[in-house]
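One letter stands for each residue in the lines below.
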Amino acid sequence: MKDLLKLLEPFKIVTEVLGGENYTTASIAHRLIKSLLNTLKVSEIDTNFLTTVKKLNLDDLKYRREMMGLILAKSSALDPRFRELKFLSEEEKVTVWKQLENELKELITDPEIENEEELISESILENEEHFETHSPPRKKLRSLMIDSDDDDEDDYSVTQSPTMKQLEEYKNLKIKVPYDQDPLNWWKENESKYSAVSLLAKKYLSIVASSVPCERLFSEAGTIISKKRNRLSPERLNQLLFLNSYFKSNSSSETLMEKLLEEEIF
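All figures in this text were calculated on a predicted structure; none of them were measured in a lab.

Asks: I keep staring at the nonpolar core and nothing clicks. Help me out?
Replies: The tendency in soluble globular proteins is for nonpolar side chains to be buried as a group. Counting 49 residues, the largest nonpolar core has Leu-78, Leu-100, Tyr-170, Trp-187 and Val-197 as the members making the most contacts within it. Residue assignment for this core shows that the elements contributing at least two residues are α1 (2-18), α2 (26-39), α3 (48-66), α4 (71-77), α5 (90-108), α8 (162-171), α9 (183-190) and α10 (195-205). Excluding residues within four positions of it along the chain, Val-197 makes contact with Leu-78, Leu-104, Gln-166, Leu-167, Tyr-170 and Trp-187.

Asks: Help me understand the pattern of salt bridges in this model?
Replies: Where side chains of opposite charge bring their charged atoms close, a pairing between them can arise. Tallying each qualifying case throughout the model produces eleven salt bridges. The shortest N-O distance in the salt bridge between Lys-74 and Glu-103 comes to 2.7 Å. In this pair, Lys-74 sits in helix α4 while Glu-103 sits in helix α5, placing the two residues 29 residues apart along the sequence. In terms of burial, Lys-74 and Glu-103 fall into one category: buried. One network of salt bridges, in which partners are shared, links Lys-74, Glu-103 and Lys-203.

Asks: Got a minute to help me understand a nonpolar patch on the surface in this structure?
Replies: There is a patch of nonpolar side chains on the surface, built from Phe-242, Leu-243, Tyr-246 and Phe-247 and spanning about 450 Å² of accessible area. Residue placement: Phe-242 occurs in helix α12 (residues 234-252). Using a relative accessible area of 58% as the deciding quantity, one classes Phe-242 as exposed.

Asks: Would you explain the packing of aromatic side chains in this entry?
Replies: Centre-to-centre distance and the angle between the planes together describe a pair of aromatic rings. Inspection of the entire model under this criterion finds eight aromatic pairs. Measuring from centroid to centroid gives 5.2 Å for Tyr-170 and Trp-187, while their planes differ by 35°, and the two rings are tilted. One end of the pair, Tyr-170, is in helix α8; the other, Trp-187, is in helix α9, with 17 residues separating them in the sequence. Accessibility assignment for this pair places Tyr-170 and Trp-187 in one class, buried. Joined through ring pairs, the aromatic side chains of Trp-97, Tyr-170, Trp-186, Trp-187 and Tyr-194 make up one cluster.

Asks: What is the right way to look at α9 in this model?
Replies: Owing to its 3.6 residues per turn, the α-helix aligns residues three or four sequence positions apart on the same side. When we look at burial in α9, the residues that qualify are Pro-183, Leu-184, Trp-186, Trp-187 and Asn-190. The arc enclosing the buried residues of α9, seen along the axis, measures out at 155°, which places them on a common side. Lining the buried residues of α9 we find α8 and α10. One side-chain oxygen at the N-terminal end of α9 lies 2.9 Å from the backbone nitrogen of Leu-184; it belongs to Asp-182.

What counts and what doesn't
- Residues numbered from 1 in each chain as written.
- Predicted model: local features only at pLDDT ≥ 70, side-chain atom pairs only at ≥ 80, totals over all residues.
- Heavy atoms only, no water.
- Core = buried A, V, L, I, M, F, W, Y, C linked by side-chain atoms within 4.5 Å.
- Buried < 20%, exposed > 50% of the residue type's maximum accessible area, 1.4 Å probe, protein only.
- Helix = DSSP H or I, 4+ residues; strand = E, 2+ residues; numbered from the N terminus.
- Contact = heavy atoms within 4.5 Å.
- Salt bridge = Lys/Arg side-chain N within 4 Å of Asp/Glu carboxyl O.
- Patch = residues over 30% accessible without salt bridge, like charges linked within 9 Å, V, L, I, M, F, W, Y side chains within 5 Å.
- Areas by Shrake-Rupley, 256 points an atom, 1.4 Å probe, with all protein chains shown as cover.
- Phe/Tyr/Trp six-rings, centres within 6.5 Å; stacked < 30°, edge-to-face > 60°.
- Arc of directions from axis to C-beta.
- Polar contact = N/O pair within 3.5 Å; in protein donor to acceptor, adjacent residues only side chain to side chain.

Take a look at the structure:
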């Protein structure tokens, strides 16, 4: 039983992290799942029961990973911490970057976006309130990712237009971004350099990895609207939910990430 609890502990932590709402979650989903796959490798000292549990969970997790599609992988590519996509196959990497390249081409040919200045003005940092961010729990995340950080990465060539050069330069960055750095803050600091790519970052880093935050919001709404408070207007309900979320985020936004990094799951 102790071995089983130890095996399932990373699953608990990953579930809690991906259910967060005060930091980016979509971009870390693939990396955390890769770490879970590593924990499910069978060793010689495993009992028959533990081996069976690992194999069943491994098959299920691989199937679920295949069903994830490319949206979360694109989010990872646009997160400077994981842009190397070390947790994907070479074929998957090429596909992800090619699709991002095509999306960027469509974006810059939009008649409503005529020049670089407009790209900057419409970028993710147009209003700083959109980038009021929180870091995910720090310490447990580190060991979850440490197993594939030393893999070498290949470069992929892209079209040499000014905007495509932005994407290529971002993809081939030599600077290693720490896991505990907020990707939104990184884009805030580098938005002027990668103004076009930052538009894609805004699109994909705003995605949540699971439906947990939405379900949590509906649950909180249910506690606010009661038989004695059934005349609340939609506007007032939104205000109460906003205040509730704000106070909760200030008190617990970093607790979970710190727990993750402490347990060395990243």
